[in-house]
Amino acid sequence: MGVVTESQFHVLAVDDSLFDRKMIERLLQKSSCQVTTVDSGSKALEFLGLRESNESDDPNATSTSPDVEINLIITDYCMPGMTGYDLLKRVKESAAFRSIPVVIMSSENVPARISRCLEEGAEEFFLKPVKLADLTKLKPHMMKTKLKKESEKPAEDVKPEIEEEESSVIEILPLHQELESEQQEPVLSNNKRKAMEEVISTDRSRSKYNDITTLV
């Protein structure tokens, strides 16, 4: 499994305030994250490919499935239309996106609101203005999501490696056979040489006997 780096993290930032969106985007980019910003909860659902709750009773209903991987959602709590809490609930109700960590931001320190968001599944609750030091708390959550998705990759990715190993074995076998044949060739040539020498020596001895017979 490869090492996960910060530049691989993609964060979806949701805030109706342009100033706050720009500030959180800048802070996340300083942390080497890729950032996508939207100005409402409904646009966040649209980006994820989820329909709004009033369009369907099925929480898992989706429109076009996006190919973009999101590692974390950070959203403002107080927004017109859909609040950050409503967005949190929709994400956690979705089978496809419930594993994505969600962080809530708010300029109001309301303990009951904080508790409700954490009970619903929010990973963190930040008070505005968000600081760079706050974002260091996000890295473990994003790392966990990234590693989980990599571990869920299908086993088909391993098959080519196995096939390559098999092919390498098949390629190695002929090499062994060639080496064996090369080792056998000198033995065969030596045997041929001995046989030829025996024939030559036999012929020479015969010619000597023939000479002796003639002389007698």
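Because the structure is a prediction, the values reported are computed rather than measured. (Residues numbered from 1 in each chain as written. Predicted model: local features only at pLDDT ≥ 70, side-chain atom pairs only at ≥ 80, totals over all residues. Heavy atoms only, no water.)

### A look at the UniProt feature "modified residue: 4-aspartylphosphate" (unreviewed entry) in the protein
Then, in step 1: UniProt's feature table lists "modified residue: 4-aspartylphosphate" (unreviewed entry) at Asp-76, given in the numbering used throughout.
Then, in step 2: Note that Asp-76 resides in strand β3 (residues 72–76).
Then, in step 3: Residue classification places Asp-76 among the buried residues on the basis of a relative accessible area of 6%.
Then, in step 4: With sequence-adjacent residues up to four places away left out, Asp-76 is seen in contact with Val-14, Asp-15, Asp-16, Gly-84, Met-105, Ser-106 and Lys-128. (UniProt positions renumbered as here; feature names shortened; annotations may be inferred. Helix = DSSP H or I, 4+ residues; strand = E, 2+ residues; numbered from the N terminus. Buried < 20%, exposed > 50% of the residue type's maximum accessible area, 1.4 Å probe, protein only. Contact = heavy atoms within 4.5 Å.)

### Let's talk about the sheet that holds strand β2 (residues 34–38)
Then, in step 1: A sheet is described by the order of its strands in space; here 5 strands give the open sequence β2-β1-β3-β4-β5, paired in parallel fashion. Strands with a single pairing partner mark the edges of an open sheet, and in this sheet they are β2 and β5 (124–127). Across this sheet, the average inter-strand angle for adjacent strands is 20°, counted without regard to direction.
Then, in step 2: When strand β1 (residues 10–14) meets β3, the two strands line up parallel, connected through 4 bridges. Along β3, the bridge assignment pairs Ala-13 with Ile-74. (Pairing = 2+ DSSP bridges. Axes fitted to C-alpha atoms, helices over the stretch in contact; angles between N-to-C directions.)

### Overview of the packing of helix α3 (residues 84–93) against helix α4 (residues 111–120)
Then, in step 1: Direction vectors running N to C along α3 and α4 enclose 10°, while the axes themselves pass 10 Å from each other. The angle between α3 and α4 falls in the class roughly parallel. Within the contact between the two elements, α3 uses Tyr-85, Leu-88, Lys-89 and Lys-92 and α4 uses Arg-116, Cys-117 and Glu-120.
Then, in step 2: Of the residues assigned to the contact of α3 with α4, the class counts are 3 nonpolar, no polar and 4 charged. (Parallel < 35°, antiparallel > 145°, perpendicular 65-115°, else oblique. Nonpolar A, V, L, I, M, F, W, Y, C, P; charged D, E, K, R; others polar.)

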